[in-house]
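So the chains spell out like this:
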Amino acid sequence: MALTNTPRVHPGRSPKRWSPRTRRQLWTGLAFISLWICGFFLFNLYPMLASLYYSFTEYHIKQPLVWIGSLNYVNLVRDPLFWRSLYNTGYMVVIGVPLSLIVSFICALLLNIKIPGQSIYRVIYFLPSIVPVVASTLLWLWILNPNSGLLNTLLAEVGIRGPNWTRDPFWAKPSLILLGLWGVGNTIIIYLAGLQDIPQTLMEAAELDGASWWQRLWKITIPLVSPITLFNLIIGVIATFQYFAQAYVLSAGISPVGSGLGAPLNSTLFYSVYLYQQGFVYLKMGYASAQAWILFVIILICTVLLLRSSEHWTYYEGG
Amino acid sequence: MWWMVFLVFGLVLAACTPPAPTSAPGGESAAPAQATGGEEKVLRVWITWGDNPAQLQSLFNQYGEANNVRVEVNSPVEDDKVIAALSGTEPPDVLVTGGPDSVGTWARENLVTPLDDFLEGGEVDLADIFEAPLSQCLYQGKYYCLPWGTDTYALFWNKDLFEEAGLDPEQPPQTLEELAEFARKLTKVDDNGQITQVGFIPDFSWSHLGLYTVMMGGYWYSEDGTQLQLTSEPVINALKWEQQFYCDYNVDEVLRFSSSFGGYASPDNGFYAGKIAMQVEGEWQPGPNFIQKYKPELYYGVAPLPPPAAHPERAGTNLVSGTVAMIPSGVKDKEAAWKLMAWMMSPEIVAEEMVANFNLPSSKKAAEDPRFRENEKFVVFLELMGNPNARAPILTPINAEVETELGQIEEQVLHTCADPEPLLQAAQEKLQPLLDKALGN
């Protein structure tokens, strides 16, 4: 415990009753993290609040600000591409995130089986996560090549003519989800840690009672890793709402020159990509700030809803 | 409730961090450190392209040595860094970008310096610069940049494939209509309906809508850059002409075929690999870094893009664009920056740099350098740039918006066989008010 003589009264309620020692420790602690606090105010909180202000203005970098009230927000609601980008991002969140959780959970289950070479398998499954996203996206562009790519060549072996993955507006998002599934190593590691936290005694007891593997999975493993699932879900949702790099590289890969953002046919115009385009290509910083704040509110609402709902489906041992 | 506060802050951070695009690490090179004492003047040059930073650095070292300053060249610089630098307080002294597309926007935003006052000093002779490239730097009656190297485009054809298809390998198509006819003869489809060779893909390697539009006799802006003419005949005709190469065949098959080509600078480039018989490409292609490097034995020809049959007078029409140099408005010592820029623009330096990179020189005197005449294919481009029918894109403050919109329309027209007219009409109604507003009308 950091505060050794914790007062009987809750410290947050009446700070005046803190003992001199507690107060000294508080100041020492604050002094130690003062650099972080300065950085936070200077580089996080200030820019954030500034962007809130900018979102109510027309702001083009060096021109004077023009206060336009909620016009940016009104224009956004009227902007079909805003809705398009929201739909594209929602698609990734609703389909991509659960899929990646399922795949990484299954991989973690497999990697948890005690077999010779277990650690080698774990390394192999984790490796894609350390490949830079640009490199892995370019690699996948090659795998997804409609005629000579690995995937369609394999599909051709079983008599299926694979789709034109990245150039077909219907398949472009699934292509990106596939790419994402390849790099779920981090999530697998977190699941693995959770799986190893499950007390062996519970498993043994269930086995003695005659529970099948399937029953143990449903009644013990999945409930016990549910806090991990919640964590991965929230992290995944937040990350996917800000999906950017892969889509950016994909667009660049489709057209060698020019931005081509959102190609093909705006099917990969994700929220952050559109925000980037408005802010850094068209220099409409006010509009982009409004977009950022709407995204923030959406992410906040989603996270709160997930946390609320989790009360019904997560299980904490001793909690 | 502390956790809520942290959650909120965490989320704010998550939502508000600007999504920096992760792109391939560019080789950033600094000048070799000179261990000279005292106050040394440093000039910084940023160039958004460059496969050969060492060559650029050594070129600028010549200026440094002659003027007792240190010139630091940063190449290639990513576009996003350029925006950050232009809006910050420490921009590079001279910025060189791959095209003038954004200069209009930057000029409106007061991010770059108008050069007219400096030009009065006479260090740079405007009469020595080719008209078309120079005109691309003019925004609202002022020069905001100067062209350094220039690009233009012509038709490349694969002579082997012409022979195979029973066409005269020395005779490129003479009209746009004939080009389409040749393309049909040069396209091969196998028994399963899959394309195995294609005659011409109008947006390979990227969109040339601007070139096709000027060939059709107009542009999407009025000459003074105040009116959009998206629904004019030339734009519609250009899109319809392009459309036939997709929609007369099978869009899905053409797309599959073209997306299976390898990298632009690789032996698997569709044209190098002999999978595509004709393409529109730039003057750098015959140079040492492209065809000579990846497919030296390629048997091909280069000719100007032919005019429509009904308008033979448009022969030699081409759209010129390319590298431009400018001085950011945040530069403190603009005199020093201008001196460096004027040196860059001198015919000898232009010649030296453009010979090294196989780009067209912007200076007429530089173009007389015999080294530019050594490659007969390069000469085709040199003459196109000087052709009276050469023109440049018009600078407006909403170029980026217009080009994005046109790119999307082009994609829809080519890849879904949509009728261009209603799409252009909608774009016109959406963008003209933007242009009016940006111009302050």
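Fair warning: this is a prediction, and the values are worked out from it, not measured in the lab.

Caption draft 1: Geometry of the pattern of salt bridges. All names here are of chain B. This model, assessed by the stated rule, comprises 20 salt bridges over all chains. Residue Lys41 pairs with Asp333 through a salt bridge whose shortest N-O separation is 3.2 Å. Taken as a pair, Lys41 in the loop between helix 1 (2-16) and strand 1 (42-47) and Asp333 in the loop between strand 14 (324-326) and helix 13 (334-344) lie far apart in primary sequence, 292 residues in all. When its relative accessible area of 33% is taken as the criterion, Asp333 is described as partly exposed.

Caption draft 2: Representation of the sheet that holds strand 12 (residues 300-303) of chain B within the structure. Residues and elements named next belong to chain B. Sheet architecture is open: 5 strands sit in the order 9-10-11-8-12, paired in mixed fashion. Taken across any chain shown, the strands that pair with only one partner, and hence form the sheet edges, are strand 9 (188-189) and strand 12. Bridging between strand 8 (residues 153-158) and strand 11 (residues 276-282) involves 5 bridges; their strand directions are antiparallel. Paired with Phe156 across the strands is Gln279, a residue of strand 11. Strands in contact with helix 16 (residues 376-386) are strand 8, strand 11 and strand 12; relative to strand 12, the strand with the most contacts, it is inclined by about 10°.

Caption draft 3: Representation of the packing of helix 5 (residues 118-130) of chain A against helix 9 (residues 185-196) of chain A in the model. Residues and elements named next belong to chain A. Here helix 5 crosses helix 9 at 140°, and the two axes come no closer than 7 Å. Viewed along their axes, helix 5 and helix 9 adopt a mutual orientation that is oblique. Between helix 5, through Arg122, Tyr125, Phe126 and Ser129, and helix 9, the contact on the second element is made entirely by Gly185, Asn186, Ile188, Ile189, Leu192 and Gln196.

Caption draft 4: Spotlight on the interface of chain B and chain A. Every contact between the two is made by 53 residues of chain B and, on the other side, 48 residues of chain A. Interface of chain B and chain A: buried area, both sides summed, is about 4300 Å²; carbon and sulfur atoms make up 64% of it. The tally of links from chain B across to chain A stands at 3 salt bridges. Taken together, the connections running from chain B to chain A amount to 11 residue pairs in polar contact (both at pLDDT 80 or more). No other element matches the 10 residues that helix 1 of chain B contributes to the side of chain B that touches chain A. Residue composition of the side of chain B that touches chain A, by class: 26 nonpolar, 18 polar and 9 charged.

Caption draft 5: Representation of the domain arrangement of chain B in the model. All names here are of chain B. With domains assigned, chain B is organised as domain 1 (2-151 + 321-391) and domain 2 (153-318). For domain 1 versus domain 2, the separation of C-alpha centres amounts to 30 Å. Each partner contributes residues to the interface: domain 1 has 16 residues there, and domain 2 has 25 residues. Note on domain 1 versus domain 2: buried area summed over both sides is about 1700 Å², and carbon and sulfur give 59% of it. Counting every contact that joins domain 1 to domain 2 gives 1 salt bridge. Its salt-bridge partner being Glu223, residue Arg391 comes within 3.3 Å of it at the nearest N-O pair. In this assembly, domain 1 and domain 2 are joined by 7 residue pairs in polar contact (both at pLDDT 80 or more). Taken together, the elements giving at least two residues each to the side of domain 1 that touches domain 2 come down to helix 16 and strand 16 (390-391). Considering every element that reaches the side of domain 1 that touches domain 2, the biggest residue donor is helix 16, with 6 residues.

Calculation notes
Residues numbered from 1 in each chain as written. Chains lettered and ligands numbered in written order. Predicted model: local features only at pLDDT ≥ 70, side-chain atom pairs only at ≥ 80, totals over all residues. Heavy atoms only, no water. Salt bridge = Lys/Arg side-chain N within 4 Å of Asp/Glu carboxyl O. Helix = DSSP H or I, 4+ residues; strand = E, 2+ residues; numbered from the N terminus. Buried < 20%, exposed > 50% of the residue type's maximum accessible area, 1.4 Å probe, protein only. Pairing = 2+ DSSP bridges. Contact = heavy atoms within 4.5 Å. Axes fitted to C-alpha atoms, helices over the stretch in contact; angles between N-to-C directions. Parallel < 35°, antiparallel > 145°, perpendicular 65-115°, else oblique. Buried area = accessible area lost by both parts, 1.4 Å probe. Polar contact = N/O pair within 3.5 Å; in protein donor to acceptor, adjacent residues only side chain to side chain. Nonpolar A, V, L, I, M, F, W, Y, C, P; charged D, E, K, R; others polar. Domains from an automatic or database assignment.

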